[in-house]
2 protein chains.
Amino acid sequence: MIKIVLDCYGGDHSPEANIDGALAALEQLQDLQLVLSGDEAALRKLLEGRQYDASRVEFLHAPQVIGCDEKPTDVIRLKRESSMIKAVRLLRDDDSAAAMVSTGSTGALVAAALTRIGRLRGVIRPAFCPILPTVNGGLVGVCDSGANVEVTPEHLRQFAIMASLYMENVYGVKNPRVALLNVGKEAEKGDELRQTAYKLLSETAELNFVGNMESRDLLSGNYDVVVCDGFSGNVLIKATEGTAVELLKKLKKDIYSSWVYKLGAAIMAKMFKEEKDFFNYQNYGGSVLLGTSKVVVKGHGSSKARAVQKCIEQAYRMQASELNSKMEEIICKYEHYEA
Amino acid sequence: MIKIVLDCYGGDHSPEANIDGALAALEQLQDLQLVLSGDEAALRKLLEGRQYDASRVEFLHAPQVIGCDEKPTDVIRLKRESSMIKAVRLLRDDDSAAAMVSTGSTGALVAAALTRIGRLRGVIRPAFCPILPTVNGGLVGVCDSGANVEVTPEHLRQFAIMASLYMENVYGVKNPRVALLNVGKEAEKGDELRQTAYKLLSETAELNFVGNMESRDLLSGNYDVVVCDGFSGNVLIKATEGTAVELLKKLKKDIYSSWVYKLGAAIMAKMFKEEKDFFNYQNYGGSVLLGTSKVVVKGHGSSKARAVQKCIEQAYRMQASELNSKMEEIICKYEHYEA
């Protein structure tokens, strides 16, 4: 059994989407055990009349909910009875609990995870690693995408090691091609951080480092992992996602401007639906926080049932593949670099 | 007369595209004078039999060409007879020359412009400001997009002032809405650089500062100027451009996978052409270098005639609107902040 704690509140479609996602995951993964964190009476009510294996579901009653505009530090201090903080505490205290999934406030989750759950041995800074689809049908992980706005070259090497193992163990990518996000391809490009990181990544035997990547090539399929500081990683992810969304919106608007185009679009309806699904990042799960001592997955605030299910599946696969102990092993080899 | 020096070599389609662009610009702007820099015999040959006002064209013979993989510092030192370096020198030495346009190596152009042409009074660091189209038909300028990978809050304020005046004077945007690129909208988001810059931008009376912008909103039409360090600005621009290109490529590939889709696409051919044009950044001109004492415009290396023409038009409008003296006036008000 793999036991995962699901924070059922905090998302735009919570708790309904979280419960629907939970039931789909239970159906799909036969040795999954779920702890549902939130208002127990409300959650039980949502489950009434639903088909599921009740022996694999527990409840963690938590009456408080965290608003998305609350300060992370306030949340930890003042919202001790919230679904997120209770989930984090259970993950810390219950040895049988392997992972947690939340669609709530990112800042609060990072703060709670770092202070309550702690880091893997040797890890200096845990980092977010969301996954994006590439145009040739593959996936690319971007690490870090926002947990650390300021980093050192050694942080970047750790992000590379963690994300590379993640892509290999959870997505079956053999010998992942790791790139460093930079303003040009040549080794000497960028600031001192990038130049030193380039050298460090080249020297790390466990990595298949393929050099610098410019942001325009993120979706090209030529890279499996992109390493960056959390600021530019955040810019990269959101610019890519935002452009796809705006472009598809513009296409739709332009189609509706003419009945001829509407006719053409009707013929192509299936294709447009597929394009929309392809660029819908919900279909690829959440952003995992790599480097915490237990698995933490952050789903998008707008997650619907399918996205919640994907997040649970990610957490499950991270645990099943023993990713954390593999990370620890390699990270500790280079631990003497830590300041 | 406004005299502009055009570097006719260094681009992927040089010198043909540069000459075609030059002739189109001469046709369009009646008081434009052009100096064509490059191999004079070759350029004269390209002009043979073409219709144009020869009284408004001069030649600057320059036998050397700069490769795109040459080190900028080597170029300045060793390629003194190249079309780019000779153009820069002429711009410096000829009081009647107002601006230059080049589609050659960015690094070499920046290095040459900074060392040979110098900065406007009060400007600490010149910065690139490319223009992108927004989904509601407007334009947005991104400053800096790569000239300065490391910046201070005061640099960011100068970028904001320069880019705001640029959008107002060259594109007629009234009271441009200026945003700071950040990882979230709230004032306290980001690192110390962003937090201090936020405060500084808020306090600058000449700016219509509207707060932080996340990269996903670049094309939304809610902003006219986005201010950022050159590293994240470069990531932003290339991710936005790259995603649009990859998405349109994917659409095309998917259309060709089925004859039904091909039929639908045939009906919509005009629309797809328009979308492609919309997201073709060549149609919006080059990336101007704001803050040099004379106007410098950098066209994309892949510029065709239309893009070269647009770049010349940008340089012309910058000069015609007396942008540089307007910039200097406001920048100097805050000069005492300079370290």
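Residues numbered from 1 in each chain as written. Chains lettered and ligands numbered in written order. Predicted model: local features only at pLDDT ≥ 70, side-chain atom pairs only at ≥ 80, totals over all residues.

Chemist: Now, about the interface of chain B and chain A: what can you tell me, with residues and values included?
Modeler: Listed by partner, the interface residues are 41 residues for chain B and 42 residues for chain A. Counting residues per element, the ones that place at least two in the side of chain B that touches chain A are α8 (230-255), α9 (259-267) and α10 (269-278) of chain B. When residues of the side of chain B that touches chain A are assigned to their parent elements, the largest contribution, 18 residues, is made by α8 of chain B. Among the residues forming the side of chain B that touches chain A, the class breakdown is 19 nonpolar, ten polar and twelve charged. (Contact = placed C-beta atoms within 7 Å. Helix = DSSP H or I, 4+ residues; strand = E, 2+ residues; numbered from the N terminus. Nonpolar A, V, L, I, M, F, W, Y, C, P; charged D, E, K, R; others polar.)

Chemist: Before we move on, could you go through the nonpolar core and cite the residues and values that matter?
Modeler: Ile 4 and Val 227 of chain A together with Ile 4 and Val 227 of chain B are the most contacted members of the largest nonpolar core, which has 203 residues in total. For Ile 4 of chain B, the contacting residues outside a window of four places in its chain are Leu 32, Leu 34, Ala 98, Ala 99, Met 100, Val 101, Ile 312, Ala 315 and Tyr 316 of chain B. Of all hydrophobic cores here, the second largest spans eight residues; its members include Leu 247 and Phe 279 of chain A together with Leu 251 and Phe 279 of chain B. (Core = buried A, V, L, I, M, F, W, Y, C linked by C-beta atoms within 7 Å. Buried ≥ 20, exposed ≤ 12 C-beta atoms within 10 Å, placed from the backbone.)

Chemist: Break down the domain arrangement of chain A for me, citing the residues and quoting the values.
Modeler: Residues and elements named next belong to chain A. We note that the domain assignment places domain 1 (1-123 + 291-321) and domain 2 (124-285) within chain A. Using only C-alpha atoms to locate each centre, domain 1 and domain 2 end up separated by 26 Å. Taken together, the contact between domain 1 and domain 2 spans 18 residues of the former and 14 residues of the latter. Sorting the residues of the side of domain 1 that touches domain 2 by element identifies α5 (106-117) and α11 (305-320) as the ones contributing at least two each. (Domains from an automatic or database assignment.)

Chemist: Break down the relation of the copies chain B and chain A for me, citing the residues and quoting the values.
Modeler: Once chain B is rotated about the relating axis by 180° and shifted along it by 0.0 Å, it coincides with chain A to within an RMSD of 0.0 Å. Viewed as a symmetry operation, the transformation between the two copies matches a two-fold axis. Scanning chain B for the C-alpha nearest the rotation axis identifies Gly 264 of chain B, at a separation of 2.1 Å. By residue overlap, the copies meet face to face through one surface: 100% of the interface positions of chain B are interface positions in chain A. (Least-squares fit on C-alpha atoms with pLDDT ≥ 70 in both.)

Chemist: Lay out helix α6 (residues 153-171) of chain B in plain terms, naming residues and giving numbers.
Modeler: All names here are of chain B. In this model, α6 (19 residues) spans 26 Å end to end at C-alpha, consistent with the 27 Å of a helix rising 1.5 Å per residue. The element α6 is extensively covered by neighbouring structure, given that 14 of its 19 residues are classed as buried. At the exit of α6 stands Gly 172, carrying a positive phi of roughly 70°. (Expected span 1.5 Å × (residues − 1).)

Chemist: Could you give an account of the environment of Leu 32 of chain B, with specific residues and numbers?
Modeler: Residues and elements named next belong to chain B. Topologically, Leu 32 is positioned in strand β2 (residues 32-38). With 23 C-beta atoms counted inside 10 Å, the residue Leu 32 sits in the buried group. In the structure, Leu 32 is positioned 280 residues away from Ile 312 in sequence and 9.3 Å away in space, judged by C-alpha atoms. When neighbours within four sequence positions are excluded, Leu 32 is seen to be in contact with Ile 2, Ile 4, Ala 25, Leu 26, Arg 56 and Tyr 316.

Chemist: Describe the sheet that holds strand β8 (residues 177-181) of chain B, with residues and values.
Modeler: All names here are of chain B. Spatially, β6-β7-β10-β8-β9 is the arrangement adopted by the five strands of the open sheet, whose pairing is mixed. In this open sheet, the two edge strands, each paired with only one partner strand, are β6 (131-133) and β9 (208-213). Adjacent strand axes in the sheet meet at a mean angle of 30° when their direction is disregarded. Pairing geometry for β6 and strand β7 (residues 139-143), over three bridges, is antiparallel. By the bridge assignment for β7, Ile 131 is matched with Gly 141. Seen against the sheet, α6 touches β7, β8 and β10 (225-227) and runs at an angle of roughly 165° to β10. (Pairing = 2+ DSSP bridges. Axes fitted to C-alpha atoms, helices over the stretch in contact; angles between N-to-C directions.)

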